[in-house]
Structure formats: structure tokens, C-alpha cells
Amino acid sequence: MFSQSFPFFNHYWPFLLIGFIFYVLGNVFAKSSKVVRHTKQIFKQSYEDSTSLEKELEEETELEQDELDDEFVPALPSDLQHIPFVYTRPSPEQLVQRTQEFYELVAARRSIRSFSSDPVSKDIIREIIKAAGTAPSGAHTEPWTFVLVSDVQIKAQIREIVEREEEVNYKRRMGKQWTTDLKPLRTNWIKEYLTTAPYLILVFKQMYGLTESGERKNHYYHDISVAIACGILITAIQAAGLVTVVSTPLNGGPSIRKILNRPANEKLVLVFPVGYPASDATMPDLHRKHLSEILVEF
Ligand code: IYR
């Protein structure tokens, strides 16, 4: 009936159907590219808005600098004195000698995972931490807290937390490639050194500071500042003649922070066991990259 009254449809319906599909698809595509263009436009606009806002702010800051100066109080004393830098320039021979001696000292540092339980004077460790605390930091905010643990029970609690988390890390979180990459280093989730070493130094970064009245203080570049302090810490341990391993308590941080009663502005970054090496300590026979591989000169 239909085909009789509409012979055109009867004959050409496949072409009409294809045409209709293309029409619908074309519409959808046009709409979506419009959305993309529109979204790009929004981003561009908001970027321009924000940069022009920044410019406006800069201008405003310049215009009303005196007014703003009254609103902001520096964290450091506003009348901070600048005093002469006392310095003795080394002779060329001294430069060579000191540089070589320092290289030999740091080149001999190795990550050691088996410790002797022999005691070490706490004053030595305090001095090492004092050295780490000389690190430069953003706006001299010194955003670090070093927690020194020698208490046997607390060390055991820390070990328990770290091992529990590390077992999950090794079995699930780290993934096959990561655990395969670590195989030659023979590490696993058993962290005996956390209880054998006489000391654990736990380094916390302070994401922000707190004034005496409890107000938040900005801590600029806290990550890199703490990383530099940790570099000095491991160098000081080496210079003292002791050993350590940089240990990353992946996911164990919050529980450890709680047992050590550290405040909410602090986050555990690294744990360093410190002591003498075990008499049967071994190390992987690793070599460091040659200078030509790590240095680019212009
Ligand atoms: N944090 C783990 C895993 C680990 C990861 C890397 I990367 C190492 O260089 C070494 C160990 C552990 O301490 O075993």
C-alpha cells in the first residue's frame, strides 16, 4: 500500500536512510566542536581575565603600596639587619684539596640496610641534626621537624606500621615493574633496621607554620627545603662515620605522625635509621654515572 502510493521511497529508501544518518552525525559533530570551541574560549577568557587581574593587582599594589604595607606584616623582623659576611677566600691549592676531600667523603657514602645495635652517643646525633638544620629554606621559614627516636618500644611500633604498609606496597601498590626494578637491590617489606639501628631520625615537613597566637604562617618551598636539609643530614651522618639508608614510609606517615604526637601541619617525609653498620653488612656493587653523563656545560 505504502510502496504503491510512494514509489519514490520504495526505490530510494536506503539512500534516504544513509543521508539521514549523515545529517544527524553532522549535527552532533558541529555541536560538539562548538562546545570545544566554546570551552577553549572560556579557558582563554578566564586566562586573560586572570592575567589582566594580575596586572590590575600589580598596578593596584604599586598605587597603594603604602596602604598594603600596613596590612602585611613580614614573618621575619621588619627591621632585620644586614651585616658583613665574614669570609676567608681559600687559596687555589686549598680549593683543590678541599674539593677532592669532600668528593671522597661523599663518594664513600652508601645506603646500608643492616645495622649494628652498638650504641652511639646521642650528642653526636644531635650535632648531625643541627647540621641538617642549617639548610637554606624558602624565606628562611625552616619548615622542618626532626624527631629523634631511640626508645625501643617506639622503634618497634614504627617498624610495625612501616612493615604493614610496605607489605601492601610491595604486593599491590607498587606494581610489577617497580618491584622488578628493585629485585637486584634485594629490598623487601621486612625492615629490621628500624629496630636494630640505635636511632631513627624522622623528618617531617611543616606545610605551614603557626604563630604563637595560632595563626597560619606561609611556608614557601617546604618540599625542596626539607629535601635539601635531608641531603645535608645524610652527608653529616657520613662525615661522622655512621651509616644510614633513606627510607620512604609510603602510606605509613599518618599513623607514625599520630604515635609521635606531631601536629596536623606536619607531614612525615623520610625516615633515617642511624648507627654503625653490621659487621656482615653488604651493599650492591653499584657504580655512579661518570661526570660527562651528568654534566652539561655551556
Ligand atoms: N620504600 C620501599 C621501596 C623502595 C623503593 C625504592 I624507589 C628504593 O630505591 C628502595 C626501596 C622500601 O624501603 O623497601
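Everything below is about the structure shown above.
Just so you know, these numbers come straight off a predicted model, no measurement behind them.

Turning our eyes to something else, we now look at the environment of Ser 255. Its place among the elements puts Ser 255 in helix α10 (residues 253-259). Distance from Ser 255 to Val 162, taken between C-alpha atoms, is 9.4 Å for residues 93 residues apart in sequence.

With 22 residues, helix α6 (residues 152-173) should cover 32 Å at 1.5 Å per step; its first-to-last C-alpha distance of 29 Å lies within 8% of that length. One or two positions beyond α6, positive phi appears at Gly 175, with a value near 90 degrees.

A separate point is the side chain of Thr 179. Turning to its location among the elements, Thr 179 is positioned in helix α7 (residues 176-182). Here the side chain of Thr 179 touches Gly 175 through a polar contact of 3.1 Å, landing on its backbone oxygen. Within the local environment of Thr 179, its side chain forms a polar contact with the backbone oxygen of Lys 176, the two atoms lying 3.1 Å apart. Each residue touching Thr 179, except ones within four places of it in the same chain, is listed here: Tyr 170 and Met 174.

Under the counting rule described, the total for this entry stands at seven salt bridges. As a salt-bridge pair, Arg 126 and Asp 123 come within 2.7 Å of each other at their nearest N and O atoms. Of this pair, Arg 126 and Asp 123 both sit in helix α5 (residues 122-132), three residues apart, roughly one helical turn. Taking relative accessible area as the criterion, Arg 126 reaches 46% and is therefore assigned partly exposed. Between Glu 127 and Lys 130 there is a salt bridge, with its nearest N and O atoms 3.2 Å apart. Of this pair, Glu 127 and Lys 130 both sit in helix α5, three residues apart, roughly one helical turn.

What follows covers the sheet that holds strand β1 (residues 144-149). Ordered by their spatial adjacency, three strands build an open sheet running β1-β2-β5, and the pairing between neighbours is antiparallel. Looking at strand neighbours, the two that pair on one side only are β1 and β5 (266-274), the edges of this open sheet. For this sheet the average axis-to-axis angle between neighbouring strands, irrespective of direction, equals 20 degrees. As paired strands, strand β2 (residues 199-206) and β5 are joined by eight bridges and run antiparallel to one another. The partner of Leu 200 across the bridge, within β5, is Pro 273. Contacting β1, β2 and β5, α5 runs over the sheet at an angle of about 165 degrees to β1. Packed on one face of the sheet, helix α9 (residues 222-240) meets β1, β2 and β5 and runs near 160 degrees to β2.

Of all hydrophobic cores here, the largest spans 22 residues; its most connected members are Ile 125, Phe 146, Ile 201, Val 203, Leu 233, Phe 272 and Val 274. At the level of elements, α5, β1, β2, α9 and β5 are the ones that each hand at least two residues to this core. Tallying contributions element by element places α9 first for this core, with seven residues. Excluding anything up to four places from it in sequence, Val 203 contacts Thr 145, Phe 146, Val 226, Cys 230, Leu 233, Lys 267, Leu 268, Val 269, Leu 270 and Phe 272. Residues Ile 112, Leu 202, Ile 256 and Leu 260 belong to the second largest nonpolar core, which totals 19 residues.

It is worth spelling out unusual backbone geometry at this point. At Ala 139, a position not held by glycine, the phi torsion is positive, near 50 degrees. Within the secondary structure layout, Ala 139 lies in the loop between α5 and β1. A positive phi is found at Asn 261, a non-glycine position, where the angle reads about 55 degrees. Note that Asn 261 resides in the loop between α10 and β5. The class of Asn 261 is exposed, set by a relative accessible area of 65%.

It is worth spelling out empty space enclosed by the protein at this point. Overall, the coordinates contain one cavity of 30 Å³ or more when judged by the stated rule. Approximately 30 Å³ is the volume found for the largest cavity. Around the largest cavity sit Arg 109, Arg 110, Ile 234, Ile 237, Gln 238, Leu 242, Val 243 and Thr 244, which together line it. Of the residues assigned to the lining of the largest cavity, the class counts are four nonpolar, two polar and two charged.

What follows concerns the pairing of β2. Taken across its eight residues, β2 has eight buried, putting it largely inside the fold. Of the two faces of β2, the one carrying Tyr 199, Ile 201, Val 203 and Lys 205 and the one carrying Leu 200, Leu 202, Phe 204 and Gln 206 are both buried. With six bridges connecting them, β1 and β2 associate as antiparallel partners. Directly across from Leu 148, in β2, lies its bridge partner Ile 201.

Definitions and cut-offs
- Residues numbered from 1 in each chain as written.
- Predicted model: local features only at pLDDT ≥ 70, side-chain atom pairs only at ≥ 80, totals over all residues.
- Heavy atoms only, no water.
- Helix = DSSP H or I, 4+ residues; strand = E, 2+ residues; numbered from the N terminus.
- Expected span 1.5 Å × (residues − 1).
- Polar contact = N/O pair within 3.5 Å; in protein donor to acceptor, adjacent residues only side chain to side chain.
- Contact = heavy atoms within 4.5 Å.
- Salt bridge = Lys/Arg side-chain N within 4 Å of Asp/Glu carboxyl O.
- Buried < 20%, exposed > 50% of the residue type's maximum accessible area, 1.4 Å probe, protein only.
- Pairing = 2+ DSSP bridges.
- Axes fitted to C-alpha atoms, helices over the stretch in contact; angles between N-to-C directions.
- Core = buried A, V, L, I, M, F, W, Y, C linked by side-chain atoms within 4.5 Å.
- 1 Å grid on protein atoms, 1.4 Å probe; cavity = no way out; pocket = protein on both sides within 12 Å on 5 of 7 lines; lining within 4 Å.
- Points joined across faces, edges and corners; volume = space filled by probe spheres on them.
- Nonpolar A, V, L, I, M, F, W, Y, C, P; charged D, E, K, R; others polar.

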